[in-house]
Amino acid sequence: MIGARRLRKAYGYAVVLDDVSLELAPGQCLALLGPNGAGKTTLLRILATLLRPTSGELAVAGVDALKHPEAARAAIGVVAHGSYVYEDLSALENLRFWTVMAGGDASWARLRSALQQVELDGAADERVRTFSAGMKRRLALARVVLGRARLLLLDEPFTGLDQQGRKWLSEFLLAFKIGGGALVVATHSFASGLGVADRVAILAGGRLLLDRPCADLSWEELRRLYDGLTELDGALA
Amino acid sequence: MTFYARRTWIVLWKDLLTERRSKENANALLFFSLLLLFLFQFALGPDRDRLRAAVPGLLWLGFILAGLLGLGRSFMTEDHNDCWEGLRLTPGDKSAIYLGKLLGNLVMMSGVEVVLLVLFGVFYDVELWPVVGPLAVVLPLGTVGLAAVGTLFAAMTAQIRARELLFPVLLLPAQVPLLLAAVSVTQAVLLGQPLADVAHWLKLLAAADVVYVVIGVLTFEFILDA
Amino acid sequence: MKATRALGWLAVVGVAAGLVAAFGYAPREAVQGNVQRIMYLHVPSVLTAYLAFALVLVGSVAYLVTRRVGWDRLAAAAAEIGVLFTGITIASGSIWGRPTWGVWWTWDARLTSTAVLFLVYVGYLLLRAMVEEPEARARYAAVVGIVGAANVPIVHFSVYWWRALHQPATILAPGKAPLAASLGLPLAVNALGFALLFLYFLTRRMEIARTEEEV
């Protein structure tokens, strides 16, 4: 699903990402951990084809994402800080817009069923302006699913959600994974990220310090490694 | 409908719907048109003939000023909630978005123009009804050029901090030939001359419109994308 | 850079030759007097300006197609120098006009066209100044450069039809260009000198831009 080799992003002399390579297969979930400012968002944006790397190669869904970002985008869904919603439109209308833009079937029936899946069908005709952050997040997920994304890139998806919301989101992501989709979840929240992940990677100071299957490490080891690596990196920076 | 046409249409649909719900732009622009009326009158003084003689120029000046306001905001709805980013992530030829926005802007400008024409007719005592046919030819020709470049530059300046300053600075020099042409034709029309007399101007307007729209379609993706 | 230095000397020679031709070789004009010699500054300036803006177009399109920074540097440098030469054109035209027609400024076709051109490219430079991120700056500038260049012929025709006070544009008018040999030769020499000067400025400016980026 993703084949990234030696990605590097520099703004003049400030290096934000350095020599980052990773691979992800369909049905896999990668948790990308790291402190704030480590470059997680930058990496995610590059994977989403929103940002061009200074150097390196990137293939997404079998397509060279740097040469043909357009083609790669059809398979990518992004749930980031901004929820991509138009406040004056209803949930249904928002979905209709984004689904048509993504080339999906935008019949009202299909849109409603997607809203049902994310438990927003009650508010289908309400203006999004009245939605809470959690509701907007769920709308974003409905949008992504309707667009037939096969790769989901999520940036801090658990923030702002209560206990129930987190549980719901974890289940949703799990179902997506089981359905054959690939996931990258970037988070600095250690606990939530790991629940769904098959592999964990730690990004600090723009470099990938760790990339291992979750099964290899126990929780405590991982915690220690995480604290150690990020502390070390903090000292070096 | 092709994928391209569906996307153009849905962008137009979204903008018209948003505008209908919020009514932010329409009301302000309408009121602005009314203000312009007074501004022009006060600037040119009470001499009715002087005002009448200046009407072709004032009309297009009014359109351009309203255009500066209205067009500059065409991408404002995309500012909230990172919708810009969402648009960039959509697959397919991005110029469909440009055309959708352009069509929306044309609708907006047409509304403003009709209002201004009516206001001019009423307040400046100008006989517009007899020449409504030729006017219906020159107005769209001039407006398409204004909107084509305006939509393109609006997309650009939406992403820059100094947008309120840069948008007029970039748009106005590009509007000079359109202004010259449109005013010349409008003047001829109001004097009762047949359109055939100013055919060269009309051809220039049409050619310019085609050029601007084509450039817009070809370069929009570079403005949107990294 | 040695090549640039050589170009610089060549330009000096060219401009000097032009001055000699303008003041020594060219005859004193019967009606307008010596002030007419300013044409040898005015016309080459405007030709160089158009050359500069043509290069802006080339650089803009090439950048969008190849995304190589060198093309953006070309466009930016050419625009700066183009604006400079346009300014010289307008100023010299104004100085020429004062004793000849009695006014500092007339809204005639040629002068107005050039003034609009000036506005378009000053806008281009303002855009460049106001966008900090280099990649975005290059993209936006390229688009504005293309629109500006496409505008040039449209402006040319619209202004020409709008007014026709200026001596029927002898060089760039839609039509033939009559010019006596004794006037034509110094003009050509000056044009060449200016072109060399332009190329020198251009290369130097691009070099400076490249070193600025590396700092």
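A short note on the overall build of chain C
And step 1. Tallying secondary structure elements over chain C gives 6 helices and 0 strands in all.
And step 2. Start at the N end of chain C and walk to the C end: the helices and strands fall as α-α-α-α-α-α.
And step 3. Within the span of chain C, comprising 215 residues, buried residues form 44% of the whole.
And step 4. Here the analysis covers contacts within chain C between residues at least 6 apart in sequence; of these, 78% occur between residues at least 24 apart.

Describing the sheet that holds strand β7 (residues 151-155) of chain A
All names here are of chain A.
And step 1. Spatially, the 6 strands line up as an open sheet ordered β6-β7-β8-β3-β9-β10, and their pairing is mixed. Where the open sheet ends on each side, the last strands, each with one partner, are β6 (76-79) and β10 (207-213). Averaged over all pairs of adjacent strands, the angle between strand axes in this sheet comes to 15°, irrespective of strand direction.
And step 2. In terms of strand pairing, β6 meets β7 through 4 bridges, oriented parallel. Bridging across to β7, Ile76 finds its partner in Leu151.
And step 3. The sheet strands contacting helix α1 (residues 40-47) are β3 (29-33), β7, β8 (182-187) and β9 (199-204), and the helix crosses β8 at an angle near 155°.

Some remarks on the interface of chain B and chain C
It is common to give the size of an interface as the accessible area that goes away when the parts come together.
And step 1. Contacts between the two partners involve 22 residues from chain B and, on the opposite side, 25 residues from chain C.
And step 2. When residues of the side of chain B that touches chain C are assigned to their parent elements, the largest contribution, 10 residues, is made by helix α7 (residues 163-190) of chain B.
And step 3. Residue composition of the side of chain B that touches chain C, by class: 19 nonpolar, 3 polar and no charged.

A closer look at the domain arrangement of chain A
Residue and element names in this part refer to chain A.
And step 1. We note that the domain assignment places domain 1 (2-85 + 136-236) and domain 2 (88-130) within chain A.
And step 2. Inter-centroid distance (C-alpha atoms) of domain 1 to domain 2 is 26 Å.
And step 3. Each side of the interface is counted separately: domain 1 has 13 residues, and domain 2 has 16 residues.
And step 4. The residue inventory of the side of domain 1 that touches domain 2, partitioned by class, reads 8 nonpolar, 1 polar and 4 charged.

Observations concerning the packing of helix α3 (residues 91-102) of chain A against helix α5 (residues 133-146) of chain A
Residues and elements named next belong to chain A.
And step 1. Where α3 meets α5, the closest approach of the two axes is 9 Å, and the angle between their N-to-C directions is 35°. Between α3 and α5 lies a crossing whose hand is right-handed. Contact residues: α3 offers Ala91, Asn94, Leu95, Trp98 and Thr99, while α5 offers Leu139, Ala142, Arg143 and Leu146.
And step 2. Grouping the constituent residues of the contact of α3 with α5 by class yields 6 nonpolar, 2 polar and 1 charged.

Notes on the sheet that holds strand β1 (residues 2-11) of chain A
All names here are of chain A.
And step 1. Taken in spatial order, the 4 strands line up as β2-β1-β4-β5 in an open sheet, and their pairing is antiparallel. Among the strands making up the open sheet, the edge pair consists of β2 (14-24) and β5 (63-64).
And step 2. Bridge count for strand β4 (residues 55-60) against β5 is 2 bridges, and the pairing is antiparallel. Opposite Ala59, over in β5, you have Asp64 as the bridge partner.
And step 3. Here α1 sits on the sheet in contact with β1, β2 and β4, set at roughly 125° to β1.

Details of unusual backbone geometry
And step 1. Residues other than glycine seldom take positive phi values, yet Tyr84(A) does so here, at roughly 55°.
And step 2. Structurally, Tyr84(A) can be placed in the loop between β6 and α3.
And step 3. The class for Tyr84(A) is buried, based on 25 C-beta atoms found within 10 Å.
And step 4. For Asp125(B), which is not glycine, the phi dihedral falls at a positive 55°.
And step 5. Locating Asp125(B) in the fold gives a position in the loop between α5 (95-123) and α6 (132-157).

Let's talk about the confidence of the model for chain A
And step 1. For chain A, per-residue confidence averages 83 on the pLDDT scale, and residues scoring 70 or more make up 94% of the total.
And step 2. Looking at the elements of chain A, mean pLDDT is at its lowest for helix α8 (residues 219-236) of chain A, recorded as 67, and at its highest for α3(A), recorded as 92.

With respect to the confidence of the model for chain C
Residue and element names in this part refer to chain C.
And step 1. Put simply, chain C has an average pLDDT of 80, and 83% of its residues get 70 or more.
And step 2. No element of chain C has a lower mean pLDDT than helix α1 (residues 2-25), at 76, and none a higher one than helix α4 (residues 109-130), at 90.
And step 3. Within the model, pLDDT remains below 50 along residues 164-178, and this stretch shows 15 contacts once partners closer than five positions in the same chain are excluded.
And step 4. Under the prediction, the complex receives an ipTM of 0.89, its pTM being 0.86.

Reading the values: the criteria
- Residues numbered from 1 in each chain as written.
- Chains lettered and ligands numbered in written order.
- Predicted model: local features only at pLDDT ≥ 70, side-chain atom pairs only at ≥ 80, totals over all residues.
- Helix = DSSP H or I, 4+ residues; strand = E, 2+ residues; numbered from the N terminus.
- Buried ≥ 20, exposed ≤ 12 C-beta atoms within 10 Å, placed from the backbone.
- Contact = placed C-beta atoms within 7 Å.
- Pairing = 2+ DSSP bridges.
- Axes fitted to C-alpha atoms, helices over the stretch in contact; angles between N-to-C directions.
- Nonpolar A, V, L, I, M, F, W, Y, C, P; charged D, E, K, R; others polar.
- Domains from an automatic or database assignment.
- Left-handed = near helix turned anticlockwise from the far one by under 90°.
- pLDDT = per-residue confidence, 0-100.

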